[in-house]
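Remarks on the overall topology
Single-letter residue listing:
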Amino acid sequence: MSVATCLPLLAAGCAGPAPAATGPQDDAPAGAAAGAVPQRNPLRNAYFGDLHVHSSWSLDAWTFGHPMRNDPSVAYRYGRGDPILDADGNVRGQLAAPLDFMAVTDHDNWLGEVQFCQDPDASTYDLPVCREFRAGSVPAFFRLRRTSLRNQRDPALCGDAEPGPDNRCDRRAAHQWLMVQEMADAYYEPGVFTTFTAFEFSAVHRPSGGWLHRNVFFRGEDVPAWGGAALARGHSPERLWEWMDAACTGDCDVIAIPHNTNYGAGVVLAPNNADGTPFTPEILERRARLEPLIEIHQVKGSSECAIGLLTADEDCNFEQVFEPCAPDQAPADPERGTARCTVASDLVRNALRTGLEVEAEHGINPFKYGLVGSTDDHRSMPGSAVEQTWQGDFFGEIGATTPGNPRNNPGGLAAVWAEENTRDAIFDALRRRETFATSGPRIRIRFFGGWDLPAGLHTRPNLVAEGYHRGVPMGGDLPAASGGAGAPRFVVWATRDANSAALQKLQIVKGWDDPERGTGERVYDVACDSGRPQDPGTRRCADNGAQVNLADCSTTGGAGAAELSAVWTDPEFDPARRAFYYVRVLENPTCRWTTWRALESGSELPDGVPPVIEERAWSSPIWYTPAGPQGSAP
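Here the structure is a predicted model, which means the values were calculated and not measured.

1. A closer look at the packing of aromatic side chains
- Counted according to the given criterion, the structure contains 27 aromatic pairs.
- On the basis of an interplanar angle of 20° and a centroid distance of 5.6 Å, the ring pair of tyrosine 76 and tyrosine 187 is categorised as stacked. Pair noted here: tyrosine 76 is in helix H5 (residues 72-79) and tyrosine 187 is in the loop between helix H10 (168-186) and strand S5 (194-195), with a separation of 111 residues, a long-range link. Neither tyrosine 76 nor tyrosine 187 differs from the other in exposure class; each is buried.
- For the pair tryptophan 177 and tryptophan 226, a centre-to-centre distance of 5.1 Å together with 50° between the ring planes defines the contact as tilted. You can see tryptophan 177 sitting in helix H10 and its partner tryptophan 226 sitting in the loop between strand S7 (214-218) and helix H11 (237-247), a full 49 residues away along the chain. For the pair shown, tryptophan 177 and tryptophan 226 are each scored as buried.
- One aromatic cluster in this structure is built from Trp177, Phe199, Phe218, Trp226 and Trp243.
- It is arginine 134 that lies over the ring of tyrosine 125; its NZ or CZ is 3.6 Å from the centre.
- It is arginine 446 that lies over the ring of tryptophan 417; its NZ or CZ is 3.5 Å from the centre.

2. Structural notes on the packing of H11 against helix H12 (residues 281-290)
- Axis separation between H11 and H12 bottoms out at 10 Å; the angle between their running directions is 70°. Looking at the two axes, H11 sits roughly perpendicular to H12. Every residue of H12 that contacts H11 at Glu238, Trp241, Glu242, Met244 and Asp245 is listed here: Ile283, Arg286, Arg287, Arg289 and Leu290.

3. Here's the deal with the sheet that holds S7
- Pairing is antiparallel in the open sheet, where three strands are placed in the order S6-S7-S8. Strands at the two margins of the open sheet, each flanked by one partner only, are strand S6 (197-201) and strand S8 (254-258). Neighbouring strand axes in the sheet, compared pairwise and without regard to direction, differ in orientation by 20° on average.
- In this structure, S7 lies alongside S8, joined through five bridges in antiparallel fashion. By the bridge assignment, phenylalanine 217 is partnered in S8 with isoleucine 255.

Reading guide: rules and limits
Residues numbered from 1 in each chain as written. Predicted model: local features only at pLDDT ≥ 70, side-chain atom pairs only at ≥ 80, totals over all residues. Heavy atoms only, no water. Phe/Tyr/Trp six-rings, centres within 6.5 Å; stacked < 30°, edge-to-face > 60°. Helix = DSSP H or I, 4+ residues; strand = E, 2+ residues; numbered from the N terminus. Buried < 20%, exposed > 50% of the residue type's maximum accessible area, 1.4 Å probe, protein only. Lys NZ or Arg CZ within 6 Å of the ring centre and 35° of its normal. Axes fitted to C-alpha atoms, helices over the stretch in contact; angles between N-to-C directions. Parallel < 35°, antiparallel > 145°, perpendicular 65-115°, else oblique. Contact = heavy atoms within 4.5 Å. Pairing = 2+ DSSP bridges.

In structure tokens form, the structure reads like this:
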């Protein structure tokens, strides 16, 4: 292990020679195998988790999950490393390394209905809709779904179409919410495996059909009574935030994480409220405080950026489920509530840019997001994000050769830098945005920014200590510059997942606000594998020659790197302009999951999806805000 590889591990005892490869095993809870709880690390450890997981308590997971329908307890056991079994007792799957943290986020709107139809002691058990539901009827699924989109309950099942405390489905959901908490608490093992009580706020904008989904997480055991469901809040995220503030008081602490903004139909990340009304200071403050993070990658696509939607960045062409909308094309299908194409305001990088403009006008940035990934798994199999073994988004086969939608992907992981693997430490990391996202591999990223970071800091053993002492980590704000400070300097360091491909390059993505020209962006390749120089004109690494043989998924060329690091100074820094910076790390290309399944079955590659991918990771941004009339010192 080189000195640089050892840097972020110093406080964990990495003081001398060690194996060259660092991978999932190194990032798993260190005490899990030995039975000892790791010591608190003031320089923080990397922990990997999944914050978007569904079980059979979700309507869609039950409907499309035949023959495997597993409740949250199975999901938690799988996440901590236990195998998951088929109905016949065979092992369906097992993680190569346990997750460090996770949450089951079952859908809110149908929690009571799903339980009524599964409970043989309930008076509703033999209703036609419940018999259809238990049989996995797709029409029954859409019937319940359409009813909720009209802010109503199924009257035959719930006794009344109006939601509220007198509705028996809402009463059953309130009871089930207690069981959600009991499940999360039962599997929490401080220092080894952290779980959070959570649910998915499954709101849909009408009439556009844009998804306003977000997952809601509570720090610990202080959790309010049930009441935050999208149906009860009129599918309004603004009303959700009101409920979060009103209901979560005292020792209760809560955040929400928007997801699948690529399904947003231009609404979810627009510079206004979900109903089209202008922002107010109260709503902006509440949104910025309660939603510090956003999910950038999951099963149903990447939401970072798309070529043709305010960017020409070629590396944005990654796991895009929808094509960019044509100028005269509607972004969504109101009947099904699913997006058919993507617009600029559905994408996270564009939202980061918009946030700079909103802050310039209102003094608050509602899109100051840290980044996480997750799976959105619907099989009680959190963290199953490996291309080679992924079997599709649901167990039931849809299509001739590949299970599920071939445009979907295995999803990603959420990662944090935290002092220890406990609810408080990981929740604090989420809140301060010291997080990064991956498309599945357990790549690790360190990222610091400051005004006087040493030029060679990326080669020094005190990188992390100096990064915290002289600068701010990912998710932070650069402090006001002292006189003559010049441009900010950033240090970035990343290591590969030993069970995935080698690293190809490190990039820093910059976005800025110009009151006269609007926002802009630029991508800089700051480190290339094998020491390849960047082209001075394009600022990009040359192609390293890595190739994939589609006949057997073997790889050739492109040596790649076990680690990459750099210190970079912004060559085009303007102290008068707001800006953000984040890191993107790319691996050498490997076979996509659809290619693996085609080889396995001896079938043709599916149309419309690439045969190979470049797995990657994204850090949370670091922001710069100018002092003075155009900004306020952060």
